[in-house]
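Here's the letter readout for the chains.
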Protein chains: 2
Amino acid sequence: MITTIIGIGLLGGSYALSLRDKYPKMHFIGVDASEVHGRLAVAKGIVDEVLPMEIAIPKSDLVVLAVPVNYIVELLPQVLDLIHGKATVVDLGSTKRLICEVADAHPHRHRFVAAHPMAGTENSGPSAAFRELLPEKNVILCDCEKSDADSVALVEALFRDIGMKLHYMTPAEHDLHLAYVSHLSHVTSFALGYTVLEKERDEQNIFDMASTGFSSTVRLAKSSPAMWAPIFDQNRENLSRALGDYIEFLQQYKTFIDDRDIQASVDFMQRANEIRRILSGIEKK
Amino acid sequence: MITTIIGIGLLGGSYALSLRDKYPKMHFIGVDASEVHGRLAVAKGIVDEVLPMEIAIPKSDLVVLAVPVNYIVELLPQVLDLIHGKATVVDLGSTKRLICEVADAHPHRHRFVAAHPMAGTENSGPSAAFRELLPEKNVILCDCEKSDADSVALVEALFRDIGMKLHYMTPAEHDLHLAYVSHLSHVTSFALGYTVLEKERDEQNIFDMASTGFSSTVRLAKSSPAMWAPIFDQNRENLSRALGDYIEFLQQYKTFIDDRDIQASVDFMQRANEIRRILSGIEKK
């Protein structure tokens, strides 16, 4: 079986590394806009060879789209044009609504499976890829009823074999929930980093006074703008609502501080504390 | 030498554990409002015995105030009343302005040293204490010129001996900087936890869809309201300004999303990315 990974970065690279462990005979072709990344991916053993998309896709049985979501939207129709009749295409993008709409407009829609593995780090590129990223994590599949049964079965089997847990929902549900549990936390973290850098002009002060708590809260502010800007844009309506909610609660909390309403402040924090129960599950994932 | 720790929680307990490693002959007395915590602290080897404050303090050479900052303000005058003439009192509170003002009003002010070790976790109580919490971290001392030289020398030597790095500033500087690099990140994290819990009523969805990124950003939302409400209240002017700045930047970013201004969105995130340089230092701390 020949698998082509388009975009050999953190996610595409980690997926390939996990698959290689389970399927030593699978042949991996890499496609990447960056020649340096391509060479690095071969050197790191992520893919066997790097080829142009037009040559790689027609001979592939599985094509994995692991580029930023704006490029998924752009490349998906071209990829579906180029595949042979029995091939399967899967995307690993962090949004699903627009990608599924683009797929729906293509005559080979039925060979496509929309997926989102819930895993990542703040790092990017093939050097950030590692085989432990995906095992034990969740992956969401959308609109499976629009895909051929054999394509869904293949994609499910591969995710399951590398230890991922499968969930199913509509693209609209996916994008709504992700706005709250992922996109929002990225924006709050970017804004925290931005605020501290703008207001604490003396970086030595930040360095001396920040503890591991600050470091943890602001970690996602290190994430790639090229990856996240198109995710936020594709999911702008849900994200805007989530951000509006968040700003409203923050403003509410600010009045508790300004009014010295300590009981309201404690109540707010106690409600937030309930996240501990849920987090203890996530951290065990 | 006899040391009394008032408040044998995460910070007081960790400080005692670190000191015991360096000074096996030092005798430790614990004072705690909770009888359960007192027993636990003895069982865990954090202190040698637990006594009422009125008995412990007069025979101590060093008294460490490691209770929430509202209790530090309340207890500090009583502690300074009770010490013998050569004893030193140090507090480990996360605010410094009000505590130093309270100290300034006491005739034994010169035996007091105001300190803030920049370390913590989201957990509390003696069972959360661990000897690795403080070594390699920074500690800020304030208003040292108001303390007797021997008191400052003792406090400095103890922090240095357990591997902490000393910094000096005024209480006003301390509270201003801390609002940005610590208190703000706690509030943004509490508000994130609150928003997600309020808007994602199905906890299974949060559990299934949140990744380690969310978990990291929201970690501080698990922190103790009893500890943080008085910190935020004592530092309310600086925190309110920091929160106002943060909300303003968030609103700015929200307009980039609403207006689909992708270049502005990327620029904002790239500026925030600069935190990576500073964080790489903090994580090595």
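The model shown is predicted, which means the values in this text are computed figures rather than measured ones.

## What to know about the nonpolar core
Inference 1: In this structure, A:Ile6, A:Val79, A:Phe232, B:Ile6, B:Val79 and B:Phe232 are the most contacted members of the largest nonpolar core, which totals 136 residues.
Inference 2: Residues within four places of B:Val79 in sequence aside, it is in contact with B:Ile6, B:Met53, B:Ile57, B:Val63, B:Leu65 and B:Val89.

## So, the environment of A:Gly213
Inference 1: If you trace the backbone, A:Gly213 turns up in helix H9 (residues 212-217).
Inference 2: Judged by relative accessible area, which is 5%, A:Gly213 ranks as buried.
Inference 3: Those residues in contact with A:Gly213 that sit more than four places away from it in its chain are B:Arg219 and B:Leu220.

## Remarks on the packing of aromatic side chains
Inference 1: Counted according to the given criterion, the structure contains 16 aromatic pairs over all chains.
Inference 2: An angle of 85° between the planes, with centres 6.3 Å apart, marks the rings of A:Phe232 and B:Tyr253 as edge-to-face. Within this pair, whereas A:Phe232 is found in helix H10 (residues 225-234), its partner B:Tyr253 is found in helix H11 (residues 236-258), the two belonging to separate chains.
Inference 3: For A:Phe232, a relative accessible area of 0% translates into the label buried.

## Describing the relation of the copies chain A and chain B
Put simply, the two copies of the chain differ by a rotation about an axis and a shift along that axis.
Inference 1: Aligned on chain B, chain A shows an RMSD of 0.0 Å; the corresponding rotation is 180° and the shift along the axis is 0.0 Å. Interpreted geometrically, this transformation is the action of a two-fold axis. No C-alpha of chain A lies nearer the rotation axis than that of A:Thr217, which sits 2.1 Å from it.
Inference 2: Take the interface residues of chain A: 100% of them recur as interface residues in chain B, which is what a same-surface contact looks like.

## Concerning the sheet that holds strand S8 (residues 165-169) of chain B
All names here are of chain B.
Inference 1: The sheet built from eight strands is open, its strands ordered S3-S2-S1-S4-S5-S6-S7-S8 with mixed pairing. Bordering the open sheet on either side are strand S3 (49-50) and S8, each of which pairs with just one other strand.
Inference 2: With two bridges connecting them, strand S2 (residues 27-31) and S3 associate as parallel partners. Note on S3: the bridge partner recorded for Gly30 is Val50.
Inference 3: Against the sheet, helix H6 (residues 149-161) makes contact with strand S4 (62-65), strand S5 (88-91), strand S6 (112-117), strand S7 (138-142) and S8, and its axis sits at roughly 25° relative to S6, the strand it touches most.
Inference 4: The strands touched by helix H7 (residues 171-199) within the sheet are S6, S7 and S8, with S8 carrying the most contacts at an inclination of about 110°.

## Things to note about the domain arrangement of chain A
All names here are of chain A.
Inference 1: Splitting chain A by domain gives domain 1 (2-169) and domain 2 (174-284).
Inference 2: A straight line from the C-alpha centre of domain 1 to that of domain 2 covers 30 Å.
Inference 3: Interface of domain 1 and domain 2: buried area, both sides summed, is about 1,300 Å²; carbon and sulfur atoms make up 61% of it.
Inference 4: Taken as a group, Ser94, Thr95 and Glu122 account for 42% of the area that domain 1 buries against domain 2, more than any other trio of residues on that side.
Inference 5: The interface formed by domain 1 and domain 2 contains two salt bridges.
Inference 6: Note that Glu122 and Arg219 form a salt bridge whose closest N and O atoms lie 2.6 Å from each other.
Inference 7: Connecting domain 1 to domain 2 are eight residue pairs in polar contact (both at pLDDT 80 or more).
Inference 8: Breaking the side of domain 1 that touches domain 2 down by element, the ones donating at least two residues are helix H4 (69-82), helix H5 (97-104) and strand S7 (138-142).

## A closer look at unusual backbone geometry
Residue and element names in this part refer to chain B.
Inference 1: The phi dihedral of Glu136 is positive, around 80°, even though this residue is not glycine.
Inference 2: Locating Glu136 in the fold gives a position in the loop between S6 and S7.
Inference 3: Exposure remark for Glu136: the relative accessible area of 44% places this residue in the partly exposed category.
Inference 4: Here Arg260, not a glycine, exhibits a phi torsion of approximately 55°, which is positive.
Inference 5: Here Arg260 is to be found in the loop between H11 and helix H12 (262-273).

## Section: helix H7 (residues 171-199) of chain A
All names here are of chain A.
Inference 1: For H7, spanning 29 residues, the distance from its first C-alpha to its last is 39 Å, which sits close to the expected 42 Å at 1.5 Å a residue.
Inference 2: Where H7 bends most, at Ala179, the angle is about 50°.
Inference 3: With 24 of its 29 residues buried, H7 lies for the most part within the structure.

## Notes on the interface of chain A and chain B
Inference 1: On the side of chain B, 92 residues touch chain A, which itself brings 92 residues to the contact.
Inference 2: For the pairing of chain A and chain B, the buried interface totals around 9,200 Å² over both sides, and the portion due to carbon and sulfur atoms is 67%.
Inference 3: Counting across the interface, chain A meets chain B through six salt bridges.
Inference 4: When residues in the side of chain A that touches chain B are grouped by element, the largest group, 20 residues, is from H7(A).
Inference 5: Tallied by class, residues from the side of chain A that touches chain B come to 44 nonpolar, 27 polar and 21 charged.

## Concerning the pattern of salt bridges
Residue and element names in this part refer to chain B.
Inference 1: A full pass over the atoms with the stated rule returns 36 salt bridges over all chains.
Inference 2: Salt-bridge contacts for Arg97 lead to Glu101; the nearest nitrogen and oxygen are separated by 2.9 Å. Placement of both Arg97 and Glu101 in helix H5 (residues 97-104) is noted, with a separation of four residues, approximately one turn of the helix.
Inference 3: When its relative accessible area of 34% is taken as the criterion, Arg97 is described as partly exposed.
Inference 4: On the basis of relative accessible area, Glu101 is assigned to the partly exposed category, the value being 43%.

Cut-offs applied
- Residues numbered from 1 in each chain as written.
- Chains lettered and ligands numbered in written order.
- Predicted model: local features only at pLDDT ≥ 70, side-chain atom pairs only at ≥ 80, totals over all residues.
- Heavy atoms only, no water.
- Core = buried A, V, L, I, M, F, W, Y, C linked by side-chain atoms within 4.5 Å.
- Buried < 20%, exposed > 50% of the residue type's maximum accessible area, 1.4 Å probe, protein only.
- Contact = heavy atoms within 4.5 Å.
- Helix = DSSP H or I, 4+ residues; strand = E, 2+ residues; numbered from the N terminus.
- Phe/Tyr/Trp six-rings, centres within 6.5 Å; stacked < 30°, edge-to-face > 60°.
- Least-squares fit on C-alpha atoms with pLDDT ≥ 70 in both.
- Pairing = 2+ DSSP bridges.
- Axes fitted to C-alpha atoms, helices over the stretch in contact; angles between N-to-C directions.
- Domains from an automatic or database assignment.
- Buried area = accessible area lost by both parts, 1.4 Å probe.
- Salt bridge = Lys/Arg side-chain N within 4 Å of Asp/Glu carboxyl O.
- Polar contact = N/O pair within 3.5 Å; in protein donor to acceptor, adjacent residues only side chain to side chain.
- Expected span 1.5 Å × (residues − 1).
- Bend = angle between axes of the 7 residues up to and from the residue.
- Nonpolar A, V, L, I, M, F, W, Y, C, P; charged D, E, K, R; others polar.

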